[in-house]
Every structure is written in C-alpha cells, then in structure tokens.
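So the chains spell out like this:
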Amino acid sequence: GAVVSQHPSRVICKSGTSVKIECRSLDFQATTMFWYRQFPKQSLMLMATSNEGSKATYEQGVEKDKFLINHASLTLSTLTVTSAHPEDSSFYICSARDYGGGVETQYFGPGTRLLVL
Amino acid sequence: DAKTTQPPSMDCAEGRAANLPCNHSTISGNEYVYWYRQIHSQGPQYIIHGLKNNETNEMASLIITEDRKSSTLILPHATLRDTAVYYCIVRGPNTGGFKTIFGAGTRLFVKA
C-alpha cells in the first residue's frame with residue numbers, strides 16, 4: 001500500500017514552546033489529510049481535516065489557534081502545537097487520502113509521540 | 001460517533017482463523033466498510049475494504065452480509081504478530097467528506 005511518513009517520530013519539549021509535526025505522502029498526492037490524537041488506552045480521535053490550498057476544518061472542541069494546520073502542497077501537511085502544555089502530551093497521527101483508480105483509501109502515518117514537560 | 005459496533009476483545013489460537021465481527025446497521029448505500037488494525041504504538045494499518053461483495057487480499061478476507069448490516073474480517077491463519085486492535089470503519093462521501101471516525105475496536109490476542 002501507499003506510504004505516509006511523519007517527522008519527528010517522537011519529541012520532548014518544554015511547556016510553553018511550539019512543536020511542528022510533518023506528515024508526508026511519499027508515493028501519491030493527497031489533497032486531503034487528516035490529523036488524529038490518541039491518548040493511552042484510548043481510540044484515535046479526529047482533530048481536523050487538512051485540505052491542500054485551503055483552511056483546515058476542525059472537529060468540535062479542537063482549538064484551531066492552538067493546533068495550527070498548514071497543507072501547502074499535495075504531499076505535505078504540518079501540525080503545529082502552539083504553546084504546548086503537559087496535557088497536550090499525546091500520540092499524534094496523520095492520514096492521507098488516496099483516490100487512485102476511483103477507489104478511496106486512507107493511509108496512516110506511523111505517529112508522533114509528543115511529551116511536554 | 002462511530003457507526004460500528006465491535007466486541008471489545010477476542011482471543012485466538014496461533015495458526016487458527018480469527019473471525020472478527022462488526023455491526024453497522026445504519027450503513028448507507030454508498031458507504032464502504034473498511035478494516036484497519038493498530039499494533040501497539042504504531043499508526044493504523046489498512047487491511048481491506050468492501051462495498052457489498054466479499055473481498056480477499058493477501059492479509060485477510062472480508063465477508064459482508066447481503067443486507068450490509070454486518071461484516072466479518074477473517075484472518076485465515078493468525079500469528080502472534082496479528083495481536084492488535086482491529087477497527088471496523090464505515091466511510092463514504094456522506095460521512096463528512098470521507099472522514100474516518102474510530103470506535104473502540106476489537107483487541108485481538110493471538111496466543112501460542
């Protein structure tokens with residue numbers, strides 16, 4: 001299947017700093033990418049839909065000014081956690097939507113583990 | 001909210017078939033059934049999907065009932081590495097623009 005990468009795989013930062021996470025589709029173009037957050041022993045929670053060339057759409061309860069999303073190209077979306085706090089520590093996962101051959105599939109990245117001290 | 005219902009956990013003996021059920025009684029006509037799995041501390045892995053016909057690939061088989069209200073993912077010969085959380089997803093153009101909404105999934109334990 002198609003490959004989606006994330007960078008970094010893990011990051012530790014101090015409270016109050018900002019962290020940028022990259023999501024790349026390596027062998028296909030993705031006009032739509034999604035960002036998820038997963039806390040320990042819980043399922044993935046959709047945070048936002050990232051659309052190339054337009055503003056992201058955020059799920060209810062997700063602060064758009066805290067979680068900045070930029071989808072500047074067909075293969076790259078970034079999530080910036082601004083002024084991170086310990087409660088933002090989580091596993092962040094992206095997915096990219098592939099619509100090749102008339103069949104819609106979404107492929108997920110390996111995730112980024114964020115720890116805010 | 002997720003549109004699917006799955007048992008929280010299942011056990012399977014290594015080498016035997018693992019049959020994971022999923023109920024999706026409110027599925028719409030243009031929505032597909034997708035299965036993903038998540039091995040600990042990794043991103044979800046795509047397994048298989050289908051609309052109404054049964055599907056098979058190198059990883060698994062997907063059996064969808066005629067009324068499309070339920071499906072079963074079959075891992076024909078489960079191995080220890082198949083231990084993971086398996087998510088059954090219903091998704092289509094009317095699902096908020098192909099959003100993938102995860103439920104709790106089924107935690108499959110494959111035992112030696």
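Structure's up top.
Below is a short write-up of the structure.

As for the sheet that holds strand β5 (residues 55–56) of chain B
Okay, so step 1: With respect to topology, 4 strands assemble into an open sheet ordered β2-β7-β6-β5 (chain B), the strand pairing being antiparallel. Looking at strand neighbours, the two that pair on one side only are β2 (18–23) and β5 of chain B, the edges of this open sheet.

Some words on the packing of aromatic side chains
Here a ring pair, both rings aromatic, is described through the centre-centre distance and the interplanar angle of the planes.
Okay, so step 1: Counted according to the given criterion, the structure contains 11 aromatic pairs over all chains.
Okay, so step 2: Ring centres 6.3 Å apart and planes at 50° place the aromatic pair Tyr32 of chain B and Tyr34 of chain B in the tilted group.
Okay, so step 3: Take Tyr32 of chain B: its relative accessible area is 30%, and that puts it in the partly exposed class.
Okay, so step 4: Stacked on the ring of Phe91 of chain A, the Lys or Arg Arg113 of chain A has its end atom at 4.4 Å from the ring centre.
Okay, so step 5: The ring of Tyr34 of chain B carries the charged tip of Arg91 of chain B above its face, separated from the ring centre by 3.8 Å.

A closer look at the pairing of strand β6 (residues 61–64) of chain B
Residues and elements named next belong to chain B.
Okay, so step 1: One ladder, built from 2 bridges, connects β5 with β6; its direction is antiparallel. The residue bridging Glu55 from the neighbouring strand is Leu62, located in β6.
Okay, so step 2: Connecting β5 to the antiparallel partner β6 that follows it, the hairpin turn spans 4 residues.
Okay, so step 3: Two strands pair when backbone bridges link them, and β6 and strand β7 (residues 70–75) are joined in this way by 4 bridges, in the antiparallel orientation. Bridge assignment links Ile64 to a residue of β7, and that residue is Ser71.
Okay, so step 4: Taking the residues that link successive antiparallel strands as the turn, the β6-β7 hairpin has 5 residues, and the phi of Arg68 there is positive, at about 65°.

What to know about the sheet that holds strand β7 (residues 67–73) of chain A
Residues and elements named next belong to chain A.
Okay, so step 1: Strand order across the open sheet formed by 4 strands is β1-β3-β8-β7, with antiparallel pairing between neighbours. The sheet terminates laterally at β1 (4–7) and β7, the two strands that pair on one side only. Taken over all neighbouring pairs, the strand axes of this sheet differ in orientation by 15° on average, direction set aside.
Okay, so step 2: In this sheet, strand β8 (residues 76–81) lies alongside strand β3 (residues 19–25) in antiparallel orientation, the contact comprising 6 bridges. For Cys23, the partnering residue across the bridge sits in β8 and is Ser77.

Some remarks on the layout of surface pockets
Okay, so step 1: Approximately 470 Å³ is the volume attributed to the largest pocket.
Okay, so step 2: In terms of lining, the largest pocket is formed by 22 residues, of which the most central are Gln38, Lys41 and Gln42 of chain A together with His40 and Arg107 of chain B.
Okay, so step 3: Counted by class, the lining of the largest pocket contains 10 nonpolar, 9 polar and 3 charged residues.
Okay, so step 4: Empty space within the second largest pocket amounts to approximately 330 Å³.
Okay, so step 5: Where the lining of the second largest pocket is concerned, the elements lending two or more residues are β10 (105–108) of chain A together with β3 (32–38) and β4 (45–50) of chain B.
Okay, so step 6: The element best represented in the lining of the second largest pocket is β4 of chain B, accounting for 3 residues.
Okay, so step 7: Tallied by class, residues from the lining of the second largest pocket come to 9 nonpolar, 8 polar and 2 charged.

Notes on the interface of chain B and chain A
Okay, so step 1: Residue-level contacts link 19 residues of chain B with 20 residues of chain A.
Okay, so step 2: By the criterion of area lost to chain A, the three top residues of chain B are Phe98, Lys99 and Phe102 of chain B, representing 31% of everything that side buries.
Okay, so step 3: Inspection of the chain B/chain A interface yields 1 salt bridge.
Okay, so step 4: Close ionic contact of Lys99 of chain B with Glu59 of chain A constitutes a salt bridge, the shortest N to O distance being 2.6 Å.

Quick look at the pattern of salt bridges
Side chains bearing opposite charge may pair, as long as their charged atoms lie close to each other.
All names here are of chain B.
Okay, so step 1: Scanning all chains against the criterion turns up 6 salt bridges over all chains.
Okay, so step 2: For Asp11, the salt bridge is made with Lys111, and the minimal N-O distance between the two is 3.1 Å. Placement of Asp11 in strand β1 (residues 9–13) and of Lys111 in strand β9 (residues 106–111) is noted, with a sequence separation of 100 residues between them.
Okay, so step 3: On the basis of relative accessible area, Asp11 is assigned to the partly exposed category, the value being 48%.
Okay, so step 4: Residue Lys111 is classed as partly exposed on the basis of its relative accessible area of 46%.

Observations concerning a nonpolar patch on the surface
All names here are of chain A.
Okay, so step 1: A cluster of nonpolar side chains, contributed by Ile12, Leu115 and Leu117, occupies part of the molecular surface with about 320 Å² of accessible area.
Okay, so step 2: Mapped onto the fold, Leu117 is located in the segment after β11 (112–116).
Okay, so step 3: Taking relative accessible area as the criterion, Leu117 reaches 59% and is therefore assigned exposed.

Conventions adopted
- Residues numbered from 1 in each chain as written.
- Chains lettered and ligands numbered in written order.
- Predicted model: local features only at pLDDT ≥ 70, side-chain atom pairs only at ≥ 80, totals over all residues.
- Heavy atoms only, no water.
- Pairing = 2+ DSSP bridges.
- Helix = DSSP H or I, 4+ residues; strand = E, 2+ residues; numbered from the N terminus.
- Phe/Tyr/Trp six-rings, centres within 6.5 Å; stacked < 30°, edge-to-face > 60°.
- Buried < 20%, exposed > 50% of the residue type's maximum accessible area, 1.4 Å probe, protein only.
- Lys NZ or Arg CZ within 6 Å of the ring centre and 35° of its normal.
- Axes fitted to C-alpha atoms, helices over the stretch in contact; angles between N-to-C directions.
- 1 Å grid on protein atoms, 1.4 Å probe; cavity = no way out; pocket = protein on both sides within 12 Å on 5 of 7 lines; lining within 4 Å.
- Points joined across faces, edges and corners; volume = space filled by probe spheres on them.
- Nonpolar A, V, L, I, M, F, W, Y, C, P; charged D, E, K, R; others polar.
- Contact = heavy atoms within 4.5 Å.
- Buried area = accessible area lost by both parts, 1.4 Å probe.
- Salt bridge = Lys/Arg side-chain N within 4 Å of Asp/Glu carboxyl O.
- Patch = residues over 30% accessible without salt bridge, like charges linked within 9 Å, V, L, I, M, F, W, Y side chains within 5 Å.
- Areas by Shrake-Rupley, 256 points an atom, 1.4 Å probe, with all protein chains shown as cover.

Function cannot be read off these values alone, since they describe shape.
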